[in-house]
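Structural overview for review
Single-letter residue listing:
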Amino acid sequence: STVTGLVGAVGGFELAGITTGTTGVVTLDGNWAATTTTIQAGGTLKTTAARTMEGAIANSGTLDLGGTLTLTAGGGTAELGTAAGTIMLAPVSDYTSSVVISAAANTVVNATTAGTITPDASFTSGTLTIIDDTGAGGTAADVAKWTVTSNALASYALSVNTGDLILTATANSSSAIA
């Protein structure tokens, strides 16, 4: 199902909660504000472009980001991996300044349980900042917390730079692809 327009009001009047089902996809076509956004195991929360979100996230399912997700200062803890959560990426050009999750204004970004990052197949060289945390704290900027789904076209490496989680893609040689 798709929700078009604003859900709650960023800066106040947020919903008590948004929870996905254990199957299917909930697509948000606008910004949203909820005390807690819960993505259940087996469920998917998808954005179609860059979005702003206020509130806490509890991700045990799939967070499918179609553009940069900006977490506001009014939010709570962004828990990206409560139970093996997954972050799916769109093509690099869809992200503002190559940042997937902008948490610079947020307090804490955690990944309690190891999660998976699935890059778009077109991301074969360069870098993406998966989490721009600006040193705000939390456990998500820890290479050991994440596994990157590989593909035949590129190899991937994670690193941490000043609290930011960085994903680097290196194109595989033509002999490695064949």
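One structure accompanies this document, and this report is about it. Keep in mind it's a predicted model, so treat the numbers as computed, not measured.

Rules and cut-offs
Residues numbered from 1 in each chain as written. Predicted model: local features only at pLDDT ≥ 70, side-chain atom pairs only at ≥ 80, totals over all residues. Heavy atoms only, no water. Helix = DSSP H or I, 4+ residues; strand = E, 2+ residues; numbered from the N terminus. Buried < 20%, exposed > 50% of the residue type's maximum accessible area, 1.4 Å probe, protein only. Areas by Shrake-Rupley, 256 points an atom, 1.4 Å probe, with all protein chains shown as cover. Pairing = 2+ DSSP bridges. Contact = heavy atoms within 4.5 Å. Core = buried A, V, L, I, M, F, W, Y, C linked by side-chain atoms within 4.5 Å. Salt bridge = Lys/Arg side-chain N within 4 Å of Asp/Glu carboxyl O.

What to know about the overall build of the protein
Helix and strand counts for the protein come out as 1 helix and 17 strands. Counting only residues that meet the buried cut, the protein has 45% of its 178 residues in that class. A total of about 7300 Å² of accessible surface is found on the protein, and carbon and sulfur atoms cover 55% of it.

What to know about the pairing of strand S11 (residues 99-102)
Across 2 bridges, the pairing between strand S8 (residues 69-71) and S11 is parallel. Residue Thr70 lies in a different strand from S11, and its bridge partner there is Ser102.

Quick word on the pairing of strand S13 (residues 115-118)
Across the two faces of S13 the burial differs, with Gly115 and Ile117 buried and Thr116 and Thr118 not buried at all. Where strand S10 (residues 86-89) lies against S13, 3 bridges are found, and the strand directions are parallel. Looking across to S13, one finds that Ile87 is bridged to Ile117. Pairing of S13 with strand S15 (residues 146-148), which is carried by 3 bridges, proceeds in the parallel orientation. In the strand pairing of S15, Ile117 is matched with Val148.

A closer look at the side chain of Thr44
Among the structural elements, Thr44 can be located in strand S5 (residues 44-47). Ignoring sequence-local partners within four residues, the contact set of Thr44 consists of Thr20, Gly24, Val25, Val26, Ile39, Thr62 and Asp64.

Digging into unusual backbone geometry
Positive phi is not limited to glycine here, since Ser97 has a value of about 55 degrees. The exposed category is assigned to Ser97, whose relative accessible area is 65%. Notably, Ser98 is not glycine yet its phi reads approximately 60 degrees, a positive angle. Note on placement: Ser98 falls in the loop between S10 and S11.

Quick word on the nonpolar core
In terms of nonpolar packing, the biggest core is built from 39 residues, with Leu89, Ile117, Ile130, Trp146 and Leu167 touching the most fellow members. Leaving out residues up to four positions away in the same chain, Leu89 has contacts with Leu65, Tyr95, Val100, Ile117, Thr118, Pro119, Asp120, Leu128, Ile130 and Leu167.

Here we look at the environment of Val160
Along the chain, Val160 falls in strand S16 (residues 154-161). The exposure class of Val160 is partly exposed, given its relative accessible area of 40%. Considered as a pair, Val160 and Ala140 are 20 residues apart in the sequence and their alpha carbons are 9.9 Å apart. Apart from residues lying up to four places away in sequence, Val160 is in contact with Ala141, Asp142, Val143 and Leu165.

Things to note about the environment of Ala144
Looking at the secondary structure, you find Ala144 in the loop between strand S14 (126-132) and S15. In the structure, Ala144 is positioned 30 residues away from Ala114 in sequence and 7.5 Å away in space, judged by C-alpha atoms.

Quick notes on the pattern of salt bridges
In the structure shown here, the tally under the stated rule is 2 salt bridges. The residue Arg51 makes a salt bridge to Asp29 at a minimum N-O spacing of 3.9 Å. Here Asp29 lies in the loop between strand S3 (25-28) and strand S4 (32-39) and Arg51 lies in strand S6 (residues 51-59), a separation of 22 residues in the sequence. For Arg51, a relative accessible area of 14% translates into the label buried. Residue Asp29 is classed as partly exposed on the basis of its relative accessible area of 30%. For Lys46, the salt bridge goes to Asp64, with nearest N and O atoms at 3.6 Å. Taken together, the residues span a long stretch of sequence, with Lys46 in strand S5 and Asp64 in strand S7 (residues 62-65) at a distance of 18 residues.

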